[in-house]
Amino acid sequence: MAQIGESPSKRWSQLAVGDRIGNRGYWAAAFVILLIPLLPVPELVITQMNYIGIDALVVVGLVLLTGICGLTSFGQAAFVGIGAYATAYATTVLNWSPWAGLGLGLLLTAVIALILGMVTLRMSGHNLPLATIAWCVALYYVLGNVDALGRYDGMVNIPSVSIVGLSLQSGRHYYYLVWIFAGLAAFGTLRLLDSRSGRILRTINPDHGGGATMPEAMGASVFRHKLLAFLIAALLASAAGWLFAHLQRTINPSPFGIGRSLDYLFMGVLGGVGYVWGAFVGAAFTTVLRDLLQDWLPKIFGGSGNYETIVFGLLLIAALKISPGGLWSWVSGHFEAKRFEIESSARDALPRRSKPQAGEQLLDVQGIHKQFGGLAAVQNVSFSLGAGEIVGLIGPNGAGKSTTFNLISGALSLSEGEVVFSGKKVGGSPSRSIARLGLSRTFQHVKLVPDMSVIENVALGCYQRTESGPIAALLRTDRLEERRAFAEAERQLRRIGLQDVLFQKAGNLSLGAQRLVEIARALAADPLLLLLDEPAAGLRDGEKAALAQVLAQLRQERLGLLLVEHDMNFVMGLADRIVVMEFGRKLIEGTPAVVQASPAVRAAYLGLEAS
Amino acid sequence: MDFTVASMLALDGVTNGALYALLAMAIVLVFAVTRVLFIAQGEFVVFGAMSLAQLSSDKLPSTVWLLGVLLVAAILQELLVGIRERKPNRRLALSISRLAVVPLIVIAITWVSVPLRPPLEMKALLSLALVAPMGPLLYRLVYRSLATASVLTLLIVSVGVHFVLVGLGLVLFGPEGYRTPAFIDTSWDIAGVPVSGQAILVIVATSALIGGLFWLFTFTFRGMALRAVAINELGARIVGLSAQRAGETSFMLAAVIGALSGILIASSTTIYYDTGFLIGLKGFVAAVFAGLASFPGALAGAIAVGLIESFGSFWSSALKDSIVFAAVIPILLWRSVFFGVAEEH
């Protein structure tokens, strides 16, 4: 089971599921887009394309924030406004070059986004949209009332951009600048999503079965990743504002109000807010549709109503009810998840922890206590566990086993007591810092990212053994480390017997197999202590035997294992010691034989024997 | 700033704050029961105000048409769903008539009574009655089938609802502004501070409504059912409470509260078809004070928003809205420091 097969080493690349249109598709699309200004198309088309590119740049950020992370911002138009006004002020009042104006806008945006993010992102998800609504409305009135920014009349005479002396004053020249920005944003986002940080970003969307507990247990800070996504989205919007200001050459506050923010959200949802290319589809579709509707609806209904607003609203509601994936999901359904080769040379290259001697104390649980309101879920539970030892935690339903697990791993905070792991007091530490010390776990309710491939899910486990950040992902200097992480993920999947499903979506596996994937993910973190919550549930007999074999082998490798398990044959055959819990208290502790013979344990499971 | 100015500003702030409190409570109620961040709440304010304004110039209010449009759409949806699910004709007819009876009666009464020139108070009641059924109709049309969707999806859907309602508002009311006559024209002088009857009416009406809501939630079955659904939807369903019914009730209350606020402010503020959004957002700011969770908190937040606004406008009337909305950031910082826990959804 633990044999490592040989496979040819090849270069591989891999992108977020559903965003792949194949290399030929990319080149064809890029070629057509770059060709348009050279063709005798009317100036109107060029203008439209310029605005579509600028809008798409903003919407790509929303895709990252809303579609990937499940957060949203109603303040994107305000960040566009910051980018536009910063460069307008810098170039017309301070006489800086437009490129310095871009830098100023990005800097201001970063500061504001970090403040807004720090204030809201520790709290539940609806605080960011509320804060950004407020920020967008507030900025609008400030822009409209500051003399230095021309009040509601705005600023004029913004210079055109030039690159190494070549002026981009004409729309056809500016077109290239816009689309280079948009293209870089799109490919940069795709690269980010296919990286160590990107995989974490893809785990936190509650709409796709995500949340904070799992990535935190992998050692990642969810708060920092949310902040990263919000920051990137804001910076892209700011860059779009810069492009907008130098295209229009004159700006006023009206395109930066809350209504415009809602428009960007509309583009994202309609195009497909889960897909980077959906941003482009949404921006193009919305721009074209708005022109059509503004031309035709007044002719049909007469009068001066904003009829297109009504149509847009209805489309938005319909899109979310009928096709939540947006227009792009109709296209992406035709592309399969790309397979790639695992490089054998990358195996065993990630750093490993030094393991303690067998029998050395690894975990010491000292009188832990957890109170939920009036309910004491866990009361004064103590036990310890050494390296190379398997301890089973058993007890009837509701005995507090999973709560004990969550207390040890830091997913819940202790009410009283202390947990010492690997010689350090970890009671009260967040689960990510405990995870970094070498504690890995699985969950009673499986926490995989259903839309991500099995191997990517397992690669999440390598998070704390790797260190490339988002910049490395953009520059692709993380590739060697990524190959190593995937090789490690494949090794663990092979070990657990899942080598045939590497590229399937995790959500398509049976529940038993999903539990095994969780074990592989926990092993990919190279833990000292493994906490397994009902690993054998949903497995067939043969699979259980194979799993028992793997766990026994881990014991030989001097890992500590703590199992919560209901399958008595499984746990009694495997564990060195058993801790029995009932009503939140420890009932008894001892070898399987002692526990099986105990009348108290029998009473706990079966009720008192009539004698 | 002397004492008189300060007390005038304070009175103004409390009066406005009372209105924001009404909206904030509607927002908190809808969010607790349905998880919908209903950013279109302000549109009900406009509809209430517009109905009264048009009624008081003895015109048939355009909200009659709006209610008609919503009703027709809801009936069509009911028919479509009924046909798809092969409901028996009798049950389908019954559910459609149950849906249509109240709106049709309200429309009929309005139609008949406009030429009779009823007194202003009667017109205000008619306006409330016209807007009230829009809440449940919107819930049925838009949110009922999305009961399991995430907060984020429901929020974006609400953006769509806002687009549609504002768009329809422009078509129905046109771009011009409206005002209504005041209910009480007199004004008293208390310790040198002029106190208008309208201000007193606003504060009394708000207090009465808060009392009414308290009574509803504490002593009535419908109200307790709402609370139950808000606390634990699954548990409420298991004991036989209908989450849909609770959703419809909460939206009806939101519509009534919104329309009432509109009726109360329309004599002192000119209302345009798109005025509601900003007013509703101020209700949201107040609700954020309370973490969208507590009614007394929302009340306190709303009074604070009203005071910030009135004192802010004394300092710089052009920037008063900026000041009100910028206040959200320190509030969230305070909440994040003292209540901030990364929570699992």
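Everything numeric in this text was worked out from a predicted model, so none of it was measured. (Residues numbered from 1 in each chain as written. Chains lettered and ligands numbered in written order. Predicted model: local features only at pLDDT ≥ 70, side-chain atom pairs only at ≥ 80, totals over all residues.)

**Here's the deal with the overall build of chain B**
Point 1. The number of helices and strands found in chain B is 15 helices and 2 strands.
Point 2. For chain B, whose C-alpha radius of gyration is 21 Å, the value lies close to the compact-globule estimate of 20 Å for 345 residues.
Point 3. Across its three principal axes, chain B shows a C-alpha extent of roughly 70 × 60 × 40 Å.
Point 4. Expressed as a percentage of its 345 residues, the buried residues of chain B come to 48%.
Point 5. Within chain B, counting contacts between residues at least 6 apart in sequence, those at least 24 apart form 78% of the total. (Helix = DSSP H or I, 4+ residues; strand = E, 2+ residues; numbered from the N terminus. Rg over C-alpha atoms; globule rule 2.2 N^0.38 Å. Buried ≥ 20, exposed ≤ 12 C-beta atoms within 10 Å, placed from the backbone. Contact = placed C-beta atoms within 7 Å.)

**Describing the interface of chain B and chain A**
Point 1. Opposite the 42 residues of chain B that make contact, chain A presents 42 residues.
Point 2. The set of elements that each furnish at least two residues to the side of chain B that touches chain A consists of helix 7 (151-173), helix 12 (275-289), helix 14 (320-326) and helix 15 (328-339) of chain B.
Point 3. Per-element tally for the side of chain B that touches chain A: the top contributor is helix 7 of chain B, with 16 residues.
Point 4. Classifying every residue of the side of chain B that touches chain A by side-chain character gives 29 nonpolar, 9 polar and 4 charged. (Nonpolar A, V, L, I, M, F, W, Y, C, P; charged D, E, K, R; others polar.)

**Observations concerning the sheet that holds strand 12 (residues 585-590) of chain A**
Residue and element names in this part refer to chain A.
Point 1. Here we have 6 strands laid out as an open sheet, ordered 8-9-10-5-11-12, and mixed in their pairing. Among the strands making up the open sheet, the edge pair consists of strand 8 (439-441) and strand 12. Averaged over all pairs of adjacent strands, the angle between strand axes in this sheet comes to 20 degrees, irrespective of strand direction.
Point 2. The pairing of strand 8 with strand 9 (residues 529-533) spans 3 bridges and is parallel. Paired with serine 440 across the bridge in strand 9 is leucine 530.
Point 3. Against the sheet, helix 20 (residues 541-556) touches strand 5 (390-394), strand 9 and strand 10 (560-564), its axis set at about 145 degrees to strand 10. (Pairing = 2+ DSSP bridges. Axes fitted to C-alpha atoms, helices over the stretch in contact; angles between N-to-C directions.)

**What to know about helix 14 (residues 401-409) of chain A**
An α-helical segment advances 3.6 residues per turn. Residues three or four places apart therefore align on the same side.
Residue and element names in this part refer to chain A.
Point 1. Burial analysis of helix 14 places 9 of its 9 residues in the buried class, the great majority of the element.
Point 2. Along helix 14, the positions that sit buried rather than exposed are Lys401, Ser402, Thr403, Thr404, Phe405, Asn406, Leu407, Ile408 and Ser409.
Point 3. Immediately downstream of helix 14, the backbone of glycine 410 shows phi near 85 degrees, a positive value.

**Points about the packing of helix 11 (residues 276-301) of chain A against helix 12 (residues 307-322) of chain A**
All names here are of chain A.
Point 1. Relative to each other, helix 11 and helix 12 sit at 120 degrees, their axes nearing to 8 Å. As summarised for this structure, helix 11 and helix 12 are arranged oblique, according to the angle between their axes. The hand of the helix 11/helix 12 crossing is right-handed. Judged by residue contacts, Arg290, Leu293, Gln294, Leu297, Pro298 and Phe301 of helix 11 engage Tyr307, Glu308 and Val311 from helix 12.
Point 2. Grouping the amino acids of the contact of helix 11 with helix 12 by side-chain chemistry returns 6 nonpolar, 1 polar and 2 charged. (Parallel < 35°, antiparallel > 145°, perpendicular 65-115°, else oblique. Left-handed = near helix turned anticlockwise from the far one by under 90°.)

**A look at the pairing of strand 6 (residues 416-421) of chain A**
All names here are of chain A.
Point 1. Direction of pairing for strand 3 (residues 361-372) relative to strand 6: antiparallel, over a ladder of 5 bridges. What sits directly across from leucine 363, in strand 6, is phenylalanine 421.
Point 2. As paired elements, strand 6 and strand 7 (residues 424-425) share 2 bridges and run antiparallel to each other. Opposite valine 420, over in strand 7, you have lysine 425 as the bridge partner.
Point 3. Connecting strand 6 to the next strand, strand 7, in antiparallel fashion are 2 residues, including serine 422 with a positive phi near 55 degrees.

**As for the domain arrangement of chain A**
Residues and elements named next belong to chain A.
Point 1. Domain boundaries assigned for chain A yield domain 1 (22-332), domain 2 (359-438 + 527-611) and domain 3 (449-526).
Point 2. Tallying the contact residues gives 12 residues for domain 2 and 12 residues for domain 3.
Point 3. Listing elements by their share of the side of domain 2 that touches domain 3, those giving two or more residues are helix 15 (431-436), strand 9 and helix 20.
Point 4. Ranked by residue count, the leading element in the side of domain 2 that touches domain 3 is helix 20, at 3 residues.
Point 5. Here the side of domain 2 that touches domain 3 is composed, by residue class, of 9 nonpolar, 1 polar and 2 charged. (Domains from an automatic or database assignment.)

**Quick notes on the pairing of strand 11 (residues 577-582) of chain A**
Residues and elements named next belong to chain A.
Point 1. Relative to strand 11, strand 5 is paired through 4 bridges, and the arrangement is parallel. The residue bridging isoleucine 394 from the neighbouring strand is valine 580, located in strand 11.
Point 2. In terms of strand pairing, strand 11 meets strand 12 through 5 bridges, oriented antiparallel. Each residue of the ladder has a partner; that of isoleucine 578, found in strand 12, is glycine 590.
Point 3. Count of turn residues in the strand 11/strand 12 antiparallel hairpin: 2 residues, of which phenylalanine 583 carries a positive phi of about 50 degrees.

**Observations concerning the environment of Ala485(A)**
Point 1. Locating Ala485(A) in the fold gives a position in helix 18 (residues 479-495).
Point 2. Sequence-wise, Ala485(A) and Ile455(A) are 30 residues apart; in three dimensions their C-alpha atoms are separated by 9.8 Å.

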